[in-house]
Amino acid sequence: MSAAAAVPIRARAVQQPFDVERIRGDFPILHTRVHGHPLVYLDNAATSQKPRSVIDAIVRYYEGENANIHRGVHYLSQVATEEFEKARETVRGFVNAAQSSEIIFTRGTTEAINLVAQTYGRAHLGAGDEVLITAMEHHSNIVPWQMLCEGKGAKLRVAPINDAGELLLEEFDKLLGRRTKVVAVAHVSNALGTINPLKRMVALAHARGIPVVVDGAQAVPHLGVDVQDLDADFYAFSGHKMYGPTGIGVLYGKHALLDAMPPYQGGGDMISSVTFEKTTYNKLPHKFEAGTPDMAGVAGLKAAIDYMNGIGIAKIAGHEHDLLEYATEELGALPGVRLIGTAREKASVLSFVLDEVHPHDIGTILDQQGIAVRTGHHCAQPVMERFHIPATVRASFAVYNTKAEIDALVRGIRKVREVFA
Ligand code: 7TS
């Protein structure tokens, strides 16, 4: 479960010592009381909470900068455009893309993956071709490829995982064939927490000339991601899981690939010229950003990245790694608890089942104690099927969580056992 291997190379800024209480003070919502208890928010894989600086950036945008971008000669439009493009540069640096034109703003991971499936996928897949995914994907990295395959008469192939929730790399390699046109894989599994050996997977696919689309939704908040080092062809993530606002996300793509792809949606901003006879398309990244984008969301996303960089991704990863290790020990020692997802390399997610108690009942009893966890299939129904369970309880950690909160979770689970004894 060592996060060390995944801890990034690039946390350069000089940072203050890690102080979780100071960090908690940055998140207004953490002071909420739930059913008379202090909120214990352990549903970060679904969405993280937002620091004051992100909330302020959105307010600042609407109070001082709001205008439509890329079109006005007037002052505010120019300010809004500059801030928008500055944010793109911040995102570029965050994932170490080579050029900011490789950063496309989307609504989130889901839209980013659909974009690739419907443009690159539609252009490159034919009848009998294959898309290779893994058995641990979120529905948003399954369904868009199924839709593509259905339309093209192509086939979805699935690389298996072992009982710990680790990818079987040899099987993955064997499934890469002459007909494989795209590989689409999660960097980190949302239901199991597994960190995939992405660099090796990319190398295996590239050895056969196959591009790799990475679902980075659960990786970017917890690991340092360097798209050039990984050599990922496409990398998708969501702002709201990394302390940023909802409704904004990113698709990174290699310039040459994006440039050769047909556009996704048609509309304003994505064109170079329009006549009724023919439209020519704008250059990157605008070709993929049709219509008025979420400028406030982009401002918030920039603030979220600034916030994470201010703490340092290595410190975030280190703290979360400590929490995961502590929680794994404490929960693993509870009678009746079975952990689902025990990969050696894991990030920030602890899924489990308890005796015969349905996860929804566990979630409800925990909620009465102010503890927010997610229960269900986590939009990864095939993972549940793989482990022969209908659902799990999932605790997922962020930079502001504490060992005391894990103690509260342990007490909560003891209470569940009492109730169901
Ligand atoms: N991929 C992974 C691995 C995810 O965990 C999620 C969301 C998505 C894609 C989709 O992201 P979106 O921002 O476009 O919705 N995962 C979860 C979750 O685990 N609980 O709620 C949402």
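Here, the structure is the one placed above.
Here the structure is a predicted model, which means the values were calculated and not measured.

S.K.: Is there a simple way to think about the overall build of the protein in this case?
M.R.: Each helix and strand in the protein was counted, giving 14 helices and 17 strands. Radius of gyration (C-alpha) of the protein: 22 Å, near the 22 Å computed for a compact globule of 421 residues. Counting only C-alpha atoms and orienting by the principal axes, one finds that the protein spans roughly 75 × 55 × 35 Å. Counting across all 421 residues of the protein, residues that qualify as buried make up 55%. Summed over all atoms, the accessible surface of the protein reaches about 17400 Å², with 52% contributed by carbon and sulfur. For the protein, the distance from the average position of its 42 positive side-chain charges to the average position of its 47 negative side-chain charges is 3 Å.

S.K.: For this particular structure, what's the right way to read the layout of surface pockets?
M.R.: Over the atoms rolls a probe the size of a water molecule, and its path tells where empty space is left. Empty space within the second largest pocket amounts to approximately 320 Å³. Considered class by class, the residues forming the lining of the second largest pocket number six nonpolar, eleven polar and six charged. Two domains each put at least three residues into the lining of the second largest pocket: domain 1 (3-50 + 312-419) and domain 2 (55-309).

S.K.: I keep staring at the packing of helix α12 (residues 359-368) against helix α14 (residues 403-420) and nothing clicks. Help me out?
M.R.: Think of two packed helices as two axes; the pair is described by the angle between the axes and how far apart they sit. Their axes nearest at 9 Å, the elements α12 and α14 cross at an angle of 120 degrees. As summarised for this structure, α12 and α14 are arranged oblique, according to the angle between their axes. The crossing of α12 and α14 is right-handed. Of α14, the residues touching α12 (which contributes D361, I362, I365 and L366) are L409, G412, I413, V416, V419 and F420. Taken together, the residues of the contact of α12 with α14 break down into eight nonpolar, one polar and one charged.

S.K.: Would you explain the packing of aromatic side chains in this entry?
M.R.: Centre distance and the angle of the planes are the two values used to describe a pair of aromatic rings. Enumeration according to the criterion identifies nine aromatic pairs in this entry. Ring centres 5.6 Å apart and planes at 85 degrees place the aromatic pair F27 and Y307 in the edge-to-face group. Placement of the pair is F27 in the loop between α1 (20-25) and β1 (33-34) and Y307 in helix α10 (residues 295-311), with a sequence separation of 280 residues. We classify Y307 as buried; its relative accessible area is 11%. Among the aromatic residues, ring-to-ring pairing joins F27, Y243, Y307 and Y400 into one connected group. Just above the ring of F387 sits the side chain of R386; from NZ or CZ to the centre is 5.3 Å. The ring of Y326 has K403 lying over it, and the distance from NZ or CZ to the ring centre is 5.3 Å.

S.K.: Can you walk me through helix α5 (residues 143-152) in this structure?
M.R.: Burial in α5 covers these residues: P144, W145, L148 and C149. All buried residues of α5 project into a common sector of 135 degrees when viewed along the axis, lining one side. Opposite the buried face of α5, by more than 90 degrees, sit the exposed residues E150 and G151. For α5, the secondary structure elements touched by its buried residues are α4 (109-124), β5 (130-134), β6 (155-159), β7 (180-186) and β8 (212-215). Downstream of α5 by one or two residues, G153 has phi in the positive range, about 70 degrees.

S.K.: Mind showing me how you'd approach the site of the ligand here?
M.R.: Around the ligand, a shell composed of 15 residues is seen, among which T110, D215, S238, R374 and R394 lie nearest. Within the contact set of the ligand, an oxygen atom lies 3.4 Å away from a backbone nitrogen or oxygen of T109. Across the shell around the ligand, the residue classes break down as three nonpolar, eight polar and four charged. Two domains share the shell around the ligand, each providing at least three of its residues, namely domain 1 (3-50 + 312-419) and domain 2 (55-309).

S.K.: Explanation requested: the pattern of salt bridges in the structure shown.
M.R.: Where side chains of opposite charge bring their charged atoms close, a pairing between them can arise. Going through the model one piece at a time under the given rule, you end up with 19 salt bridges. The partner of D163 in a salt bridge is R386, with the nearest N and O atoms 2.8 Å apart. Placement of D163 in the loop between β6 and α6 (169-175) and of R386 in helix α13 (residues 381-386) is noted, with a sequence separation of 223 residues between them. Among the ionic pairs, D233 bridges to K254, the shortest N-O distance being 3.1 Å. Within this pair, whereas D233 is found in the loop between α8 (227-230) and β9 (234-238), its partner K254 is found in the loop between β10 (249-253) and α9 (255-260), the two being separated by 21 residues in sequence. With a relative accessible area of 6%, D233 lands in the buried category. Classification of K254 as partly exposed rests on a relative accessible area of 21%. One connected set of salt bridges, linked through shared partners, spans E85, R88 and E289.

Calculation criteria
For every chain, the first residue of the written sequence is number 1, and numbering continues from 1 along that sequence. Confidence filtering applies because this is a predicted model: local features only for residues at pLDDT of at least 70, side-chain atom pairs given and counted only at 80 or more, and all residues used for totals across whole chains, interfaces and linings. Remark: hydrogens and water are excluded; side-chain values derive from all non-hydrogen atoms of the structure. Numbering of helices and strands runs from the N terminus, with a helix taken as a DSSP run of H or I at least four residues long and a strand as a DSSP run of E at least two residues long. Our radius of gyration looks at C-alpha atoms and nothing else; its globule reference is 2.2 Å times the residue count to the power 0.38. Accessibility here uses a 1.4 Å probe with only protein chains present; expressed as a share of the type maximum, an area under 20% marks a residue as buried, one over 50% as exposed, and anything in between as partly exposed. Per-residue and other accessible areas follow the Shrake-Rupley method at a 1.4 Å probe size, with only the shown protein chains counted as cover for residues. Just so you know, the count uses Lys and Arg for positive and Asp and Glu for negative, and it drops His and the chain ends. Note on charges: their place is set at NZ of Lys, CZ of Arg, CG of Asp or CD of Glu. Using a 1 Å grid laid over the protein atoms alone, points where a 1.4 Å probe fits but cannot get out form a cavity; open sets with protein on both sides within 12 Å along at least 5 of 7 lines form a pocket; any residue with an atom within 4 Å of a point counts as lining. Grid points are joined across faces, edges and corners, and a volume is the space filled by probe spheres set on the points. Under the scheme applied, nonpolar residues are Ala, Val, Leu, Ile, Met, Phe, Trp, Tyr, Cys and Pro; charged residues are Asp, Glu, Lys and Arg; polar residues are all the others, including Gly. Here the bounds of each domain stem from an automatic or database domain assignment. Fitted lines through C-alpha atoms give the axes, limited to the stretch in contact for helices. The angle between two N-to-C directions lies from 0 to 180 degrees. When describing relative orientation, an angle under 35 degrees is termed roughly parallel and one over 145 degrees roughly antiparallel, while 65 to 115 degrees is termed roughly perpendicular and anything else oblique. Each crossing gets its handedness from the near helix: less than a right angle anticlockwise from the far helix is left-handed, clockwise is right-handed. Only heavy atoms enter the contact rule, under which two residues are in contact if any of them lie within 4.5 Å. Ring pairs shown here join Phe, Tyr and Trp side chains whose ring centres sit within 6.5 Å, with only the six-membered ring taken for Trp; geometry is labelled stacked below 30 degrees between planes, edge-to-face above 60, and tilted in between. To sit over a ring, a charge needs its Lys NZ or Arg CZ within 6 Å of the ring centre and within 35 degrees of the ring normal. Working note: the arc is built from the helix axis to C-beta atom directions. Proximity is defined per residue: if any heavy atom of the residue lies within 4 Å of a molecule or strand, that residue is considered near it. Nitrogen and oxygen atoms within 3.5 Å of one another constitute a polar contact, given that in protein one can donate a hydrogen and the other can accept it, and given that sequence-neighbouring residues count only through two side-chain atoms. Each reported salt bridge corresponds to a side-chain nitrogen of Lys or Arg within 4 Å of a carboxyl oxygen of Asp or Glu.

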